[in-house]
Protein chains: 4
Amino acid sequence: MPDPFTPLPAHKFSFGLWTVGNRGRDPFGDVVRPALPPTEAVALLGEVGAWGVNLHDNDLVPIDASPSERDRIVKDFKTACERNAIVVPMATVNLFYDPVFRDGAFTSNDPRVRAYAVQKTLKAMDLGAELGATIFVLWGGREGTETDACRRPDEAVKRLREAVNYLCQYSIDRRYGFRFALEAKPNEPRGDIYMATTGNYLGFIPTLDHPDMVGVNPEVAHEQMAGLNFLHAVAQAWEAGKLFHIDLNDQVSGRYDQDFRFGSANPKSAFWLVKFLEDVRYDGPRHFDAHAYRTEDYDGVRDFARGCMRTYLILKERAQRWNADAEIRELLREAGSNQPLPSRETLLAQSFDRAAIAARGLAYERLDQLTMEVLLGAR
Amino acid sequence: MPDPFTPLPAHKFSFGLWTVGNRGRDPFGDVVRPALPPTEAVALLGEVGAWGVNLHDNDLVPIDASPSERDRIVKDFKTACERNAIVVPMATVNLFYDPVFRDGAFTSNDPRVRAYAVQKTLKAMDLGAELGATIFVLWGGREGTETDACRRPDEAVKRLREAVNYLCQYSIDRRYGFRFALEAKPNEPRGDIYMATTGNYLGFIPTLDHPDMVGVNPEVAHEQMAGLNFLHAVAQAWEAGKLFHIDLNDQVSGRYDQDFRFGSANPKSAFWLVKFLEDVRYDGPRHFDAHAYRTEDYDGVRDFARGCMRTYLILKERAQRWNADAEIRELLREAGSNQPLPSRETLLAQSFDRAAIAARGLAYERLDQLTMEVLLGAR
Amino acid sequence: MPDPFTPLPAHKFSFGLWTVGNRGRDPFGDVVRPALPPTEAVALLGEVGAWGVNLHDNDLVPIDASPSERDRIVKDFKTACERNAIVVPMATVNLFYDPVFRDGAFTSNDPRVRAYAVQKTLKAMDLGAELGATIFVLWGGREGTETDACRRPDEAVKRLREAVNYLCQYSIDRRYGFRFALEAKPNEPRGDIYMATTGNYLGFIPTLDHPDMVGVNPEVAHEQMAGLNFLHAVAQAWEAGKLFHIDLNDQVSGRYDQDFRFGSANPKSAFWLVKFLEDVRYDGPRHFDAHAYRTEDYDGVRDFARGCMRTYLILKERAQRWNADAEIRELLREAGSNQPLPSRETLLAQSFDRAAIAARGLAYERLDQLTMEVLLGAR
Amino acid sequence: MPDPFTPLPAHKFSFGLWTVGNRGRDPFGDVVRPALPPTEAVALLGEVGAWGVNLHDNDLVPIDASPSERDRIVKDFKTACERNAIVVPMATVNLFYDPVFRDGAFTSNDPRVRAYAVQKTLKAMDLGAELGATIFVLWGGREGTETDACRRPDEAVKRLREAVNYLCQYSIDRRYGFRFALEAKPNEPRGDIYMATTGNYLGFIPTLDHPDMVGVNPEVAHEQMAGLNFLHAVAQAWEAGKLFHIDLNDQVSGRYDQDFRFGSANPKSAFWLVKFLEDVRYDGPRHFDAHAYRTEDYDGVRDFARGCMRTYLILKERAQRWNADAEIRELLREAGSNQPLPSRETLLAQSFDRAAIAARGLAYERLDQLTMEVLLGAR
C-alpha cells in the first residue's frame, strides 16, 4: 500500500529558493549552513517531492551580476528545473536586503530609491516571465517606519499606489500576464510596516488603476504575528476573488517572524486552513515560506521540507474525514441555514421570541471536541 | 489668560452614553457605580464641556420598552440635549448584549437571529434619525467564533454583506442620509471576530451595493489590541475617503479591551494620531469611546472625561509646535521629496549608485528625539 | 473493549464550582445560562466522571450569609459530594468580585480593605478545611493597577508578604495543614496585576516566613496570555518542588482571558504539558479552570467537561506512544547527555573544535515532525 | 544657564560596545554602517558625555585571537578608556553568535558545548576583572528551544544551575568580587528562551550555591516583548535586594526585539521607571542596551546616544516635579496608608461596612491625568 501522505505534482507544493537555501543567520548569530547554489536547491526540491520553486531576483542572480553572468545563471537554472521536473510558478523581487532600501523602496523618501526599486522590479518581472512564472509577489518588507516623524503615512499609500500602477502597466505592455499578489506584514524588519494585514491590501487594491490584476498573498506567520485568525483573512480574500497565492508556515503569536515548518506551532489552526483551501478547491500553489531550524544541516533541511508537505497531507485527510463524519454533519445541519433575509415589510412586521431562541444550546463544544478527535486521529 | 486647553464646541468632542454611564462591571466583578440615567449623563457631558453624545439604541430605550415608553424617553432625552446644548452626531445599535446574539447577529447561523438583528438595526436607525444623527456606526462585536467548526468564514462575509446592503437601502428609502461607519475589532467578546482590523473593512466596503455610503470607524484600542500601528490604519482610511468617524481611547497591546482615558497608555502614539487628524483637517466628531477606572465614583468619571479632552488639546498644541519647529522643518525638507517616478524609458536607462545613496544618514534619530522633546514640553 | 479515554478517579480530574457553573456573562453581554446550584454542579461532575470539585468561598456560601445559613449550605454540599463520590481537594477565596476589592485586597491602599481581605480568607480557610481541602489557592486578581501613580509596586510586594505570612501562621495555629498555591496572572481584570508570571511568585516565595508551606498554581491561560511557554514555567516550578496545584485550560496568546476547553486552542502545547506531568509523575489534581462557550446550554457544559478530560487522556496516550517510539528514542540518545562539567583544571586546559561541533545537524526537525505525527495519530 | 539635561559622570550612564557599535544588520538586511573599532567607540562615548562602557568578550577580543593579540587589544582599549575618562562597570560573555551555540550554551545537549561555554565565560570573567568591571551579566540568549522535543526543560534548569554555581566559585577563588546579574528574555533568537522573565530568575537564584552573589539585570525590551509591566518586575527585584544592573531601552509589546532609544516607544512607562530608580536611590549604572535605527550613519548614532541620556534626565526632572506637586501629594495622602494588619483576635472580631468603603471614589483618574500633565510639561 503506498504511503497516503506522499507529495505529488498535483498537490502543487512549492518552496522559495530562500527557504531550503536559508543559512540560519539571525539577529544574534551567524550563518550555520554553507551556501546552497540554486541548482542544488532545485535538485533538493526534486528529491523531496516538491512541484515548484519560487525566487526573488537576487536569490538567483546577484545584485551586481553583469548581463552575461545573469544569462548564464538563468540558463543553468532552467536546465536544473527541467532536469528535476520543477516549475517556477511565482517570482518576486528583493527590495529589502541591500542598504539602499534601509528606509523603504516604493515608499522611501528619496526619489532615487523609489525609482531604483521600480527599475529593479521591472527587471525581476522580466526574469520571472522568462522562467515561466505567472504570479508576481510583492512584499514591501521595508515599507514602514521606526518613527512616524519621517513621513506622513497617507503619503506612503500614494507612493505605493504609483509604483504598483507602474508595474501593472509594464506587465500589460510586455504582455507578461502577471497576476500580482501583495503580501502584508505588521512589523519586522521595520518597527511598523505599512499595509499591516491582508485586509489593508484588500482595501488598497480597489484604489488601483488595474484592480483586476492585483490580489493578495496572505502568509500564516504574518497574520499570526499580530495574533489574527489567519483563516478569516484567507476566507475574506477568497470570497473577494483575491486569493492569488498563499504562503504556508507557522508562527507563535506576538513574536519575531519565525517561519516554522507548516503546522508545527499550532496544528489546529493549520487544520482549519487546509480544510478551507481544499473545501473551496483553491487551485493555486501551496507555497511553503518557511525554513529549517538553525540546529539543522541539509539533511535536516530535507526533513523540514518533507515535514511541511506531509503535515499538509495529513491535515487534508483529516479534513476529508471531518466532512464525512455523520455526527458532525448532523450538528452542522442543526446549526442553521442560509435562508435570505425577508422583505422589509415582512421583517418589520415580524415578532421574535428572544428568550426561546436564546435558550437552545448550539452544541459548539461538542462540534469542536469532535474536531479535536478527528484531528488527533482519535475518531 | 484663559486656559488654552479648555474644550469648546468647535473641537467636536463627543462621548457615548455608555462611556460616562459605564458602571464598572467586568468579567471578575460587579458594577461599582449606580446607574446614570441618560438625561443625567447628558447633563454631566454639558458640565464638562463636551459637544456631542452618541448612543446605542438600548443605552436610551430598554430593549423591551413599549412604543409609548420609547417615545416618552426619547422626548425627555431630546429636551435634556437641548438644555445642555449637546448634539447627537452618531447613533448605533446594540447587537451584542442580549443572549439572543450569543453567536452573532448579522452572521448568526440562525436565520431568525439575523432577521431580528436587522429589524433591531432598522429601528435604531429610526431612533438615530429622530435624534439628528447623520453617522451610523456598526460594530459587530459578536460576529465571530470560538471555533471555526461552526461556520465557514466566507459564508459570514456574505451574510454581513447582505445585512449592510439591506441597511443602506433602508437609509436611502427613508431619506435618512446616514453615512455608515464600520468598526473592526480582532477579538473579545468572541474568540475571534470577523473583520478583525480596519483594513478588513476597507476591503469589504467596495464589495457592497452602495460603497459610497459606507466608511469606517477605527478605534484606537481595537487596532492596538492586535499590536497594530493605529495611525497607519487611520491614514489609509483617510486617504481612501473612508474616515467617517473615529473612536478615541487608549489600550496596552496584546490585552483585553481596556478603553482607557485618551492618551493615558501611550502619549506618543496619541500624539501622532492627533497631529494627523489636525494636519488633514479631519472635521468629524472626536469621539471618546472610553470609560473611567473601576476605582472611581462620578467625580472620577468627570475627571476622566475632562482628561480625555484636555490631553487631546495638549497634544494638538504640541503638534502645532512640531509643525512650526525650524529644525524639524529643515530635517523634513532634507529627508526627501514627492517627485513622481520617471517615464519608463528614462527609468530603464537610469543607473544608480547604491552605495552612495545608502551612505547618507537620514537623521531620523534626531527627528524622533526632537519629537520627544516637543511632546514632553522640553523644547 | 472499554473506551481507553474514560475518566477515572485515579486520574484526579477536578473542576471548580465556578467552571461548570459559569453562566456566560462577559464584558459585552449578559448571563446566558440559569444559575446552577452547587449541589447540582456536584451531581453534574459526578455524572461526567470527575473526581474532585474546588471552590471559592462565595461559590458556595453567599458573601452575606448568616452563620446558620452558611452551616446548612455546607452540610448540604458535603452530602452532595458524598452522594456523587466527589472530593474537595482545593479551596480558595474570592477577593475580586465585590466592589470593596476594586483596588485590590491584600495590596489595597485602604487598611480596612486589607484587613477585611485577610479576615475573609481566614474564614475561607476554615471552610476549606471543613470540606477536607489540603491545598489553598490564592489568586490575587485585583492586586494591581491601571496607573502606577496609585501605589509604589515595592510597597505592594511588602503588603502581599505580610498577608501571606499571616495566613500561613493561621494554618499552622489551626493545624489545617494547608499547602498554599499562588496563582499568577499578567493582567485582567486590572490593567497590570502584580506578580505577573509564575516566575514572579517563585521569586517571592523564598522571602516568606514559611516558604516550605507555599508553592504555585500555574494556569495555562495566564502564562499564555503573555505569550510565554507554559511548559517551561511548570517545569521550573516542578524542579523547585513548588508545583502544588495546576490549572488546565486553553488560551490564544495576547488576548483576554479565554479559559477554553483544555487542549482546544493548541493541542501541541497541551501535549508537551501532559507529557511532562505524566513523565515526572505529578500526583496532584488535574484541575480544569475553564468554562463552556457562551453558545451552550447545560448539555453543552457536559460536553465541555467531558472534552477536557477526554483530550487529556488522548494526549496522555500519545505521550506514552512518543516515549516508546524507537526512532524518537534513538534521536534523543544521539542528541546528547547529562555528563557533568569537568573540573576547572581540566576545563581550562581543554581545546574545542568549534567548527566540527557546529557542523553536525541535530535532527530536531525530524524529532519535531515525528512528534507531530504521533500527536495527530498518523504514526 | 547650563542645560539642565546634560549628562554628567554622577548619572552613571553607560553603553555597551555593541550598542553604539551596532552595524544595523537584521534578519532581512545587511550591515549599513562600517565597523566601529572599540577604541573609537569609547571616544564616541566620551564625546557624547557617557560615563561607562560595557562589553561582551568578543566585542573587544575576536573569538580566535591569540593571547598576544588579546593582550595588545586590551591594553589599547584601557588606554582609550583612560583617555576618554570612561569606566568599565560591567562585562559579559557572548554565548550566542558562534554557530557552536546554535542549540544553547550552558543548557546545550552536547556536553562539549556546555564545557566550552563555561570555559569561554571564565576567560570573559578574567577580561572583565582586568578592565575593572564588578558586575558580570549573563544573558542566555540561546538557552531555549524551537521544539520541546529536544530536551526536558527541568533538565535545562539543572544545567544552568551547575554552570552558574561553577562561575560563582571561580569568582570566589580568583577573588574577582563579581556580582552576577542574570538577564531574562522570553524569545528570540530561540522560539522560547528558558527563564523567560525576570521573575523566573528571581525564583532560580535562591536555588544556587551562592545566592548572595547573584541578582538580576532586567531589560525594558525583554519584559515588554511579553507585554509585561517592566516597573513591576524591577520593583520586585529591588525589594528583594536583587537589582544588580539594569538595561534601558524601549520596545513595542508583542514584537521582535527592537532595542529602541530609551523612552522613545512609550515615555509614560519610561517615566514610572525613572521615577522608581530615582525614588529608591538606585546607585548602579544606567545602562542603555539599545541601538540607532538602521537609517543612521554615525552622526545618527551620536544623536541616538545623546537622546537616551537626555530623555532620562528630562523624565528625572518630571519625576521630581511629580513628587513635589501639592495636589498629587494630597491625593496620595488620601489614598491610604501602610498601617499593619491587626492582631488575629482583633481582626476576627472586626466588622466591615463593605458598601461604605466601596462607595468612596479613589480619584485615580485625577491622579493619572495630573501625571500626564506633569509628564507632558503642561503643569
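Calculation criteria
- Residues numbered from 1 in each chain as written.
- Chains lettered and ligands numbered in written order.
- Predicted model: local features only at pLDDT ≥ 70, side-chain atom pairs only at ≥ 80, totals over all residues.
- Heavy atoms only, no water.
- Helix = DSSP H or I, 4+ residues; strand = E, 2+ residues; numbered from the N terminus.
- Rg over C-alpha atoms; globule rule 2.2 N^0.38 Å.
- Buried < 20%, exposed > 50% of the residue type's maximum accessible area, 1.4 Å probe, protein only.
- Contact = heavy atoms within 4.5 Å.
- Areas by Shrake-Rupley, 256 points an atom, 1.4 Å probe, with all protein chains shown as cover.
- Lys, Arg positive; Asp, Glu negative; His and termini not counted.
- Charge placed at Lys NZ, Arg CZ, Asp CG, Glu CD.
- Buried area = accessible area lost by both parts, 1.4 Å probe.
- Salt bridge = Lys/Arg side-chain N within 4 Å of Asp/Glu carboxyl O.
- Polar contact = N/O pair within 3.5 Å; in protein donor to acceptor, adjacent residues only side chain to side chain.
- Nonpolar A, V, L, I, M, F, W, Y, C, P; charged D, E, K, R; others polar.
- Pairing = 2+ DSSP bridges.
- Axes fitted to C-alpha atoms, helices over the stretch in contact; angles between N-to-C directions.
- Least-squares fit on C-alpha atoms with pLDDT ≥ 70 in both.
- Phe/Tyr/Trp six-rings, centres within 6.5 Å; stacked < 30°, edge-to-face > 60°.
- Parallel < 35°, antiparallel > 145°, perpendicular 65-115°, else oblique.
- Left-handed = near helix turned anticlockwise from the far one by under 90°.
- Core = buried A, V, L, I, M, F, W, Y, C linked by side-chain atoms within 4.5 Å.
- Expected span 1.5 Å × (residues − 1).
- Disulfide = S-S within 2.5 Å.

J.: What is the right way to look at the overall build of chain A in this model?
T.: Within chain A one finds 15 helices and ten strands. Here the C-alpha atoms of chain A give a radius of gyration of 23 Å, agreeing with the 21 Å that 2.2 N^0.38 yields for 379 residues. The principal-axis extents of the C-alpha atoms in chain A amount to approximately 75 × 55 × 45 Å. Across the 379 residues in chain A, those meeting the buried criterion constitute 68%. Nonlocal contacts in chain A, meaning residues at least 24 apart in sequence, comprise 78% of its contacts between residues at least 6 apart. For chain A, the exposed surface amounts to about 12,100 Å²; the carbon and sulfur share of it is 51%. The centroid of the 46 positive side-chain charges in chain A is displaced by 2 Å from the centroid of its 54 negative side-chain charges.

J.: Can you help me understand the interface of chain B and chain A in this one?
T.: It is common to give the size of an interface as the accessible area lost on bringing the parts into contact. Listed per partner, the contact involves 91 residues of chain B and 91 residues of chain A. For chain B, the biggest contributors to the area lost against chain A are Leu341, Arg344 and Arg354 of chain B; these three give 10% of the whole. Connecting chain B to chain A are ten salt bridges. Lysine 158 of chain A is the salt-bridge partner of glutamate 239 of chain B, the closest N and O atoms lying 3.0 Å from each other. Taken together, the connections running from chain B to chain A amount to 51 residue pairs in polar contact (both at pLDDT 80 or more). For the side of chain B that touches chain A, the residue count by class is 46 nonpolar, 20 polar and 25 charged.

J.: Explanation requested: the sheet that holds strand β10 (residues 286–288) of chain B in the structure shown.
T.: Residue and element names in this part refer to chain B. With respect to topology, eight strands assemble into an open sheet ordered β8-β6-β4-β3-β2-β1-β10-β9, the strand pairing being parallel. One side of each edge strand has no neighbouring strand; the edge strands of this open sheet are β8 (214–216) and β9 (247–248). In this structure, strand β4 (residues 135–139) lies alongside strand β6 (residues 179–183), joined through five bridges in parallel fashion. Bridge pairing links tryptophan 139 to glutamate 183 in β6. Lying on the sheet, helix α5 (residues 111–131) is in contact with β2 (52–56), β3 (90–92), β4 and β6; it crosses β4 at an angle near 150°.

J.: Help me out: how do you make sense of the relation of the copies chain D and chain A in this one?
T.: Think of it as a corkscrew move, a rotation about one axis and a shift along it, taking one chain copy to the other. If you rotate chain D by 180° and push it 0.0 Å along the axis, it lands on chain A with an RMSD of 0.0 Å. What we have between these two chains is a two-fold relation. With an isologous cut-off of 70% or more, the 100% of interface residues of chain D that recur at the interface of chain A puts this contact in the isologous class.

J.: Whenever I open this one, the interface of chain D and chain A confuses me. Can you help?
T.: Tallying the contact residues gives 34 residues for chain D and 34 residues for chain A. Between chain D and chain A the total buried area reaches about 3,200 Å² when both faces are included, carbon and sulfur atoms providing 53% of it. Counting across the chain D and chain A interface gives four salt bridges. Among the ionic pairs, arginine 255 of chain A bridges to aspartate 192 of chain D, the shortest N-O distance being 2.9 Å. Residue composition of the side of chain D that touches chain A, grouped by class: 13 nonpolar, seven polar and 14 charged.

J.: Explanation requested: the packing of aromatic side chains in the structure shown.
T.: Aromatic ring pairs are described here by two measures, namely the spacing of the ring centres and the angle between the planes. Residues and elements named next belong to chain C. This structure, assessed with the given rule, holds 80 aromatic pairs over all chains. Ring geometry for phenylalanine 262 versus phenylalanine 288: centroids 5.9 Å apart, planes at 55°, classification tilted. Placement of phenylalanine 262 in the loop between β9 (247–248) and α10 (267–279) and of phenylalanine 288 in strand β10 (residues 286–288) is noted, with a sequence separation of 26 residues between them. Phenylalanine 288 matches phenylalanine 262 in its accessibility class, with the two residues each being buried.

J.: Before we go on, may I ask you to explain the relation of the copies chain B and chain A in this structure?
T.: You can overlay chain B on chain A at an RMSD of 0.0 Å; the transform is a turn of 180° with a shift of 0.0 Å along its axis. Of all interface residues in chain B, 100% are interface residues in chain A too; the two copies therefore contact each other through one and the same surface.

J.: Sorry, what's going on with the packing of α10 of chain C against helix α11 (residues 298–324) of chain C here?
T.: Packed helix pairs are specified by the crossing angle of their axes together with the interaxial distance, meaning the distance between the axes. Residue and element names in this part refer to chain C. In contact at an axis separation of 9 Å, α10 and α11 are set at 70° when each is read in the N-to-C sense. Classed by the angle they form, the pair α10 and α11 counts as roughly perpendicular. Across from Pro267, Ala270, Phe271, Trp272, Val274, Lys275, Leu277, Glu278 and Asp279 in α10, the residues of α11 making contact are Tyr312, Leu315, Lys316, Arg318, Ala319, Trp322 and Asn323. A class-by-class count of the residues in the contact of α10 with α11 yields ten nonpolar, one polar and five charged.

J.: Sorry if this is basic, but what is going on with the side chain of asparagine 165 of chain A here?
T.: Position of asparagine 165 of chain A among the secondary structure elements: in helix α6 (residues 153–173). From its side chain, asparagine 165 of chain A meets the backbone nitrogen of aspartate 209 of chain A in a polar contact 2.9 Å long.

J.: Before we go on, may I ask you to explain unusual backbone geometry in this structure?
T.: Peptide bonds are trans in most cases, and residues, glycine excluded, mostly fall at negative phi. The peptide bond linking glutamate 188 of chain A to proline 189 of chain A adopts the cis configuration, its omega dihedral lying at 10°. By secondary structure assignment, the location of proline 189 of chain A is in the loop between β6 (179–183) and β7 (192–193). The phi dihedral of alanine 363 of chain A falls on the positive side, at around 60°, and the residue is not glycine. Relative to the elements of secondary structure, alanine 363 of chain A occurs in the loop between α14 (354–359) and α15 (364–375). The residue arginine 175 of chain B is not glycine, and still its phi comes out positive at about 55°. Following the sequence through the fold, arginine 175 of chain B ends up in the loop between α6 (153–173) and β6.

J.: What should I look at first to understand the packing of helix α9 (residues 230–239) of chain D against helix α10 (residues 267–279) of chain D in this one?
T.: All names here are of chain D. Across the interface, α9 lies against α10 with an axial gap of 9 Å and an inter-helix angle of 15°. Looking at the two axes, α9 sits roughly parallel to α10. Here α9 runs over α10; the crossing is right-handed. Contacts between α9 and α10 involve Phe230, Leu231, Val234, Ala235 and Trp238 on the former and, on the latter, Trp272, Leu273, Phe276 and Leu277. A per-class count over the contact of α9 with α10 returns nine nonpolar, no polar and no charged.

J.: Is there a simple way to explain the sheet that holds strand β3 (residues 90–92) of chain A in this structure?
T.: In a beta sheet, neighbouring strands are held together by backbone hydrogen bonds and run either parallel or antiparallel to one another. Residue and element names in this part refer to chain A. Here eight strands make up an open sheet; going across it, the order is β8-β6-β4-β3-β2-β1-β10-β9 and the pairing parallel. Edge positions in the open sheet fall to β8 (214–216) and β9 (247–248), since each of these has one partner strand only. Where strand β1 (residues 13–16) and strand β2 (residues 52–56) come together, three bridges link them in parallel fashion. Within β2, the position partnered with serine 14 by the bridge is glycine 52.

J.: I keep staring at the environment of alanine 41 of chain A and nothing clicks. Help me out?
T.: Residues and elements named next belong to chain A. Tracing the backbone through its elements, the reader meets alanine 41 in helix α2 (residues 38–48). The exposure class of alanine 41 is buried, given its relative accessible area of 1%. Residues alanine 41 and phenylalanine 180 lie 139 residues apart in sequence; the distance between their C-alpha atoms is 25 Å. Discounting chain neighbours no more than four positions away, the residues touching alanine 41 are Leu17, Val20 and Leu36.

J.: Any chance you could explain the nonpolar core here in plain terms?
T.: As a rule of thumb, nonpolar side chains are buried together in soluble globular proteins. Core analysis: the largest hydrophobic core is formed by 121 residues, its most contacted members being Phe15, Leu60, Phe77, Phe180 and Phe262 of chain D. With twelve residues, helix α11 (residues 298–324) of chain D is the largest single contributor of residues to this core.

J.: I keep staring at helix α15 (residues 364–375) of chain B and nothing clicks. Help me out?
T.: Because the α-helix completes a turn every 3.6 residues, residues three or four places apart line up on one side. Compared with an ideal rise of 1.5 Å per residue, which puts twelve residues at 16 Å, α15 of chain B spans 16 Å between its outermost C-alpha atoms and is within 8% of the ideal. When you tally the buried positions in α15 of chain B, you get eleven out of twelve residues, the bulk of the element. Those residues of α15 of chain B that fall on the buried side of the exposure criterion are Tyr364, Glu365, Leu367, Asp368, Gln369, Leu370, Thr371, Met372, Glu373, Val374 and Leu375 of chain B. Lining the buried residues of α15 of chain B we find α10 (267–279), α11 (298–324) and α12 (326–335) of chain B together with α10 and α11 of chain D. Where α15 of chain B ends, the next residue or the one after it, glycine 377 of chain B, has phi of about 70°, a positive value.

J.: I tried to follow the environment of threonine 371 of chain C on my own but got confused; where do I start?
T.: Note that threonine 371 of chain C resides in helix α15 (residues 364–375). For threonine 371 of chain C, a relative accessible area of 0% corresponds to the buried category. Taking the C-alpha atoms as reference points, threonine 371 of chain C and arginine 321 of chain C, separated by 50 residues in sequence, lie 9.8 Å from one another. With residues up to four places along the chain from it excluded, the contact list for threonine 371 of chain C reads Lys268, Phe271, Trp272 and Trp322 of chain C together with Ala149 of chain D.

J.: Whenever I open this one, the state of the cysteines confuses me. Can you help?
T.: The bond known as a disulfide is covalent and runs between the sulfur atoms of two cysteines. Residue and element names in this part refer to chain D. All chains considered together, the criterion is met by zero disulfides over all chains. A disulfide-free cysteine, cysteine 81 has its sulfur positioned 19 Å from the sulfur of cysteine 308, the nearest such atom. The buried category is assigned to cysteine 81, whose relative accessible area is 6%.

J.: Please explain the pattern of salt bridges as it appears in this structure.
T.: Oppositely charged side chains can form a pair if their charged atoms are brought close together. Applying the stated rule across the entire model yields 141 salt bridges over all chains. With its nearest N and O atoms 2.9 Å apart, the salt bridge here joins aspartate 3 of chain A to arginine 310 of chain A. Of the two residues, aspartate 3 of chain A is situated in the segment before β1 and arginine 310 of chain A in helix α11 (residues 298–324); the sequence distance between them amounts to 307 residues. Take aspartate 3 of chain A: its relative accessible area is 35%, and that puts it in the partly exposed class. Assessed through its relative accessible area of 22%, arginine 310 of chain A is described here as partly exposed. In this structure, arginine 261 of chain C and glutamate 365 of chain A form a salt bridge, with 2.8 Å as the shortest nitrogen-oxygen distance.

All quantities given are derived from atomic positions and should not be read as evidence of function.
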